[in-house]
Number of protein chains: 2
Amino acid sequence: ADIDAGEAKSMTCVGCHGANGISMVPMYPNLAGQKAAYLESALKAYRSKERAGGQAAVMYGMAAPLSDEDIKNLAAYFASLDPSGQ
Amino acid sequence: ADIDAGEAKSMTCVGCHGANGISMVPMYPNLAGQKAAYLESALKAYRSKERAGGQAAVMYGMAAPLSDEDIKNLAAYFASLDPSGQ
């Protein structure tokens, strides 16, 4: 996976999930240091709309335009961030 | 929320999500330091089976027996853990 490509792609994510991957919104998850495989699985579930409940629908629009490669890169990027947000 | 009650309830979770909330399994998310409101929303989505895709079905059995109070306590417990797992 290409972490730099993931970072470039993450511009739309940081508004809610935070530039350091620690979200400013209680309902939105922190992504920093999360498991890459889990992030990929979650993004694909949003893209396929299999995930519903809570704020899931907000993510449908975000995930829809992403290719598998985008998803792999984004997951690797957020997984690479320090979980404590430093 | 009662963090101690959450900790007691978390015995079934630590097998996959780790005693310190950092999972040993790449596909399973870290929970340490995650947003409590997000964890509550996710657990309720698993309990109602609104979340599908990926490994979601594994969580249906885990979330089914949980009351709203259990969910609030579990979410508060994992949110209270150090995100870097120390």
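Every value quoted in this text rests on a predicted model; they were computed, and no experiment measured them.

Draft legend 1. Geometry of the nonpolar core. Membership of the largest hydrophobic core comes to 38 residues, with the highest contact counts inside it found for Leu43, Tyr46 and Phe78 of chain A together with Leu43, Tyr46 and Phe78 of chain B. For this core, the secondary structure elements donating two or more residues are helix H3 (36-47), helix H4 (56-63) and helix H5 (68-79) of chain A together with helix H3 (36-47), helix H4 (56-63) and helix H5 (68-79) of chain B. If we skip the residues at most four places from it in the chain, Leu43 of chain A touches Met59, Ala63, Leu66, Ile71 and Leu74 of chain A.

Draft legend 2. Inspection of H3 of chain A at higher detail. A rise of 1.5 Å per residue sets the reference length of H3 of chain A, with its twelve residues, at 16 Å; its end C-alpha atoms lie 16 Å apart and thus fit the reference within 8%. Among the residues of H3 of chain A, those classed as buried are Tyr38, Leu39, Glu40, Ser41, Ala42, Leu43, Ala45 and Tyr46 of chain A. Tucked inside the fold, the buried residues of H3 of chain A contact H4 and H5 of chain A together with H3 of chain B. Positive backbone phi, approximately 60 degrees, marks Lys49 of chain A, located one or two places after H3 of chain A.

Draft legend 3. Highlighting the state of the cysteines. Applying the stated rule across the entire model yields zero disulfides over all chains. Cys13 of chain A takes part in no disulfide bond, and the closest cysteine sulfur, belonging to Cys16 of chain A, lies 9.1 Å away.

Draft legend 4. Quick look at the pattern of salt bridges. Residue and element names in this part refer to chain A. Counted under the stated rule, the structure contains six salt bridges over all chains. A salt bridge links Lys9 to Asp70, with the nearest nitrogen and oxygen atoms 3.8 Å apart. Here Lys9 is found in helix H1 (residues 3-9), whereas its partner Asp70 is found in helix H5, with 61 residues between them in sequence. Among the residues examined, Asp70 registers a relative accessible area of 17% and is labelled buried. Asp68 is the salt-bridge partner of Arg47, the closest N and O atoms lying 2.5 Å from each other. Of this pair, Arg47 sits in helix H3 while Asp68 sits in helix H5; the two residues are 21 residues apart in sequence, bridging distant segments of the chain. A relative accessible area of 28% means that Arg47 is categorised as partly exposed.

Draft legend 5. Looking closely at the relation of the copies chain B and chain A. For these two chains of identical sequence, chain B goes onto chain A by a turn of 180 degrees and a shift of 0.0 Å along the axis, with RMSD 0.0 Å. Between the two chains, the operation in question is that of a two-fold axis. Relative to the rotation axis, the closest C-alpha in chain B is found at Arg51 of chain B, a distance of 2.1 Å. Comparing interface residues between copies, 100% of those in chain B also lie at the interface in chain A; the contact surface is shared.

Draft legend 6. Molecular detail of the interface of chain B and chain A. With 24 residues of chain B at the contact, the number on the chain A side is 24 residues. Summed over the shared surface of chain B and chain A, the result is zero salt bridges. At the surface where chain B touches chain A, the tally comes to twelve residue pairs in polar contact (both at pLDDT 80 or more). Within the side of chain B that touches chain A, the residues separate by chemical class into twelve nonpolar, nine polar and three charged.

Draft legend 7. View of the confidence of the model for chain A. For chain A, the average pLDDT comes to 95, and 100% of its residues sit at 70 or higher. Here helix H2 (residues 11-17) of chain A stands out as the least confident element of chain A, with mean pLDDT 93; H5 of chain A is the most confident, with 98.

Draft legend 8. Fine view of the packing of aromatic side chains. In the structure shown here, the tally under the stated rule is two aromatic pairs over all chains. Above the face of the Tyr46 of chain B ring, Arg51 of chain B is positioned so that its terminal group lies 5.1 Å from the ring centre.

About the cut-offs
Residues numbered from 1 in each chain as written. Chains lettered and ligands numbered in written order. Predicted model: local features only at pLDDT ≥ 70, side-chain atom pairs only at ≥ 80, totals over all residues. Heavy atoms only, no water. Core = buried A, V, L, I, M, F, W, Y, C linked by side-chain atoms within 4.5 Å. Buried < 20%, exposed > 50% of the residue type's maximum accessible area, 1.4 Å probe, protein only. Helix = DSSP H or I, 4+ residues; strand = E, 2+ residues; numbered from the N terminus. Contact = heavy atoms within 4.5 Å. Expected span 1.5 Å × (residues − 1). Disulfide = S-S within 2.5 Å. Salt bridge = Lys/Arg side-chain N within 4 Å of Asp/Glu carboxyl O. Least-squares fit on C-alpha atoms with pLDDT ≥ 70 in both. Polar contact = N/O pair within 3.5 Å; in protein donor to acceptor, adjacent residues only side chain to side chain. Nonpolar A, V, L, I, M, F, W, Y, C, P; charged D, E, K, R; others polar. pLDDT = per-residue confidence, 0-100. Phe/Tyr/Trp six-rings, centres within 6.5 Å; stacked < 30°, edge-to-face > 60°. Lys NZ or Arg CZ within 6 Å of the ring centre and 35° of its normal.

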